[in-house]
Amino acid sequence: MIDKVPVRQRLLNAAAELFYRDGVGATGIDAITAHAGVAKMSLYNNFASKADLVNAYIEGRRTEWHELLDVRLKAASTPRERILAVFDSYVDHAACAYEWGFRGCGLLNAAAELPIGDPARASVAAQKDEVEELFKEHLHAMQPANHAIDEVAEHLSFLLEGAMSRAGLDGHDARLKTARKIAVSMLDQFESRPE
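Residues numbered from 1 in each chain as written. Predicted model: local features only at pLDDT ≥ 70, side-chain atom pairs only at ≥ 80, totals over all residues. Heavy atoms only, no water.

1. A word on the overall build of the chain
So the rule is basically this: Helix numbers and strand numbers start at the N terminus; a helix is a DSSP run of H or I with at least 4 residues, a strand a run of E with at least 2. Accessibility here uses a 1.4 Å probe with only protein chains present; expressed as a share of the type maximum, an area under 20% marks a residue as buried, one over 50% as exposed, and anything in between as partly exposed.
Looking only at helices and strands, the chain features 9 helices and 0 strands. Counting helices and strands in the order they occur from the N terminus, the chain gives α-α-α-α-α-α-α-α-α. Along the three orthogonal principal directions, the C-alpha set of the chain runs to about 65 × 30 × 30 Å. Expressed as a percentage of its 195 residues, the buried residues of the chain come to 46%.

2. Topic: the nonpolar core
Note the following rule: Working definition of a nonpolar core: buried Ala, Val, Leu, Ile, Met, Phe, Trp, Tyr and Cys residues. They are joined through side-chain atoms within 4.5 Å. In what follows, residue pairs with any heavy atoms lying within 4.5 Å of each other are defined as contacts.
Within the largest apolar cluster, 60 residues are counted, with the highest numbers of intra-cluster contacts made by I32, F135, L139, L156 and L176. When residues of this core are traced back to their parent elements, those giving at least two are α1 (7-22), α2 (29-36), α4 (50-75), α5 (79-95), α6 (106-113), α7 (119-142), α8 (149-170) and α9 (174-192). In terms of residue count, α8 provides more of this core than any other element does, 9 residues in total. Apart from residues no more than four positions distant in its own chain, F135 is found in contact with I83, V86, F87, A153, L156, S157 and L160.

3. Topic: the packing of α8 against α9
Angle between the axes and distance between the axes: these two values describe a pair of packed helices. Heads up, the rule is: Whenever a helix is involved, its axis is fitted only over the stretch in contact; in every case the axis is a line through C-alpha atoms, and angles between N-to-C directions fall within 0 to 180 degrees. Roughly parallel means an angle under 35 degrees; roughly antiparallel means over 145; roughly perpendicular covers 65 to 115; every other angle is labelled oblique. Crossing handedness is read from the near helix: turned anticlockwise from the far helix by less than a right angle, it gives a left-handed crossing, and turned clockwise, a right-handed one. Under the convention adopted here, Pro, Cys and the residues Ala, Val, Leu, Ile, Met, Phe, Trp and Tyr are nonpolar, Asp, Glu, Lys and Arg are charged, and Gly plus all remaining residues are polar.
At a minimum axis separation of 8 Å, α8 and α9 run at an interaxial angle of 165°. Comparing the axis directions of α8 and α9 gives the class roughly antiparallel. The crossing of α8 and α9 is right-handed. Contact residues: α8 offers I149, V152, H155, L156, L159, L160, A163, M164, R166, A167 and D170, while α9 offers R175, L176, A179, I182, A183, M186, L187 and F190. Of the residues belonging to the contact of α8 with α9, the class tally is 15 nonpolar, 1 polar and 3 charged.

4. Focus: the UniProt feature "DNA-binding region" (unreviewed entry) in the chain
Heads up, the condition is: UniProt positions are given in the numbering used here, feature names are shortened, and annotations may be inferred rather than shown by experiment.
The feature "DNA-binding region" (unreviewed entry), as given by UniProt, occupies residues 28-47 in the numbering adopted here. Here residues 28-47 runs as 75% helix and 0% strand, with 14 Å between its end C-alpha atoms.

5. Quick look at the state of the cysteines
To be explicit about the condition: Note on terminology: pairs of cysteine sulfur atoms within 2.5 Å are recorded as disulfides.
Summed over all chains, the structure comprises 0 disulfides. In this structure C96 is not part of a disulfide, and its nearest cysteine sulfur, from C105, lies 12 Å away. According to the relative accessible area criterion, C105 is buried, its value standing at 10%.

6. Brief notes about α4
Filter applied, for reference: Between the first and last residue of a helix there are one fewer steps than residues, each counted as 1.5 Å, and that sum is the expected span.
For α4, with 26 residues, the first-to-last C-alpha span of 38 Å sits near the 38 Å given by 1.5 Å per residue. Within α4, the full set of buried residues consists of L53, V54, A56, Y57, I58, R61, R62, W65 and L69. Against the buried residues of α4 lie α1, α2, α3 (40-46), α5, α6 and α7.

7. Quick look at the packing of aromatic side chains
Aromatic ring pairs are defined here through the distance separating the ring centres and the angle between the ring planes. Threshold: Two aromatic rings, drawn from Phe, Tyr or Trp (for Trp, its six-membered ring), form a pair once their centres lie within 6.5 Å of each other, and the interplanar angle then sorts them: stacked below 30 degrees, edge-to-face above 60, tilted otherwise.
Inspection of the entire model under this criterion finds 5 aromatic pairs. Considering the side-chain rings of W65 and Y90, the 6.2 Å spacing of their centres and the 85° angle between planes classify their relative orientation as edge-to-face. Residue W65 is found in helix α4, and its partner Y90 is found in helix α5; the two are separated by 25 residues along the sequence. On the accessibility criterion, W65 (1% relative accessible area) is buried. Residue classification places Y90 among the buried residues on the basis of a relative accessible area of 3%.

8. Quick look at the environment of D170
Rules: We define a polar contact as two N or O atoms separated by no more than 3.5 Å, with the added condition that, inside protein, one atom must be a possible hydrogen donor and the other a possible acceptor, whereas residues neighbouring each other in sequence contribute only through side-chain atom pairs.
Tracing the chain through its elements places D170 in helix α8. Residue classification places D170 among the partly exposed residues on the basis of a relative accessible area of 32%. Spatially, the C-alpha atom of D170 lies 29 Å from that of A76, the residues being 94 residues apart in sequence. A polar contact is formed between the side chain of D170 and the side chain of R175, at a distance of 2.7 Å.

If you want it as structure tokens, here you go:
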């Protein structure tokens, strides 16, 4: 029952759906409170401003992704499998948004609407940097002396983010699954390079 969900969580749930589906700029406070079924004052009792709510939305999306990634990483036993687990976590996260009309990465979509210097935008950039660092870490575990680690990690990151952008345009995850296959080929080439 909706009344048992705390007001703050109802607002976050409503904002998550509306920000993702309609965009941050196009979603007003009135739409969020109406969708959450709460009074407008409830929003300001829980969030200092819309910007504060946007920050909470971004952090919520990051937490969702981390939870999905953690599940995938626990099932991965090799560095190669851990790299592919990152790709799989993006597929998993895409599946979470299908009921709202899949539009790609909710983090990038929101960041595209925010001004440079906005803390939420910086949080999105940190998540993308984190992905690239994960790739570096696992590539290093595969071949510690390989001089191409940074370059390959960057290429994997570009591949994943580009696939997510195209998947958002397509409205489904086929590009992400193709990107994973390309990543397998890239990892084959990386492992065959002399250290």
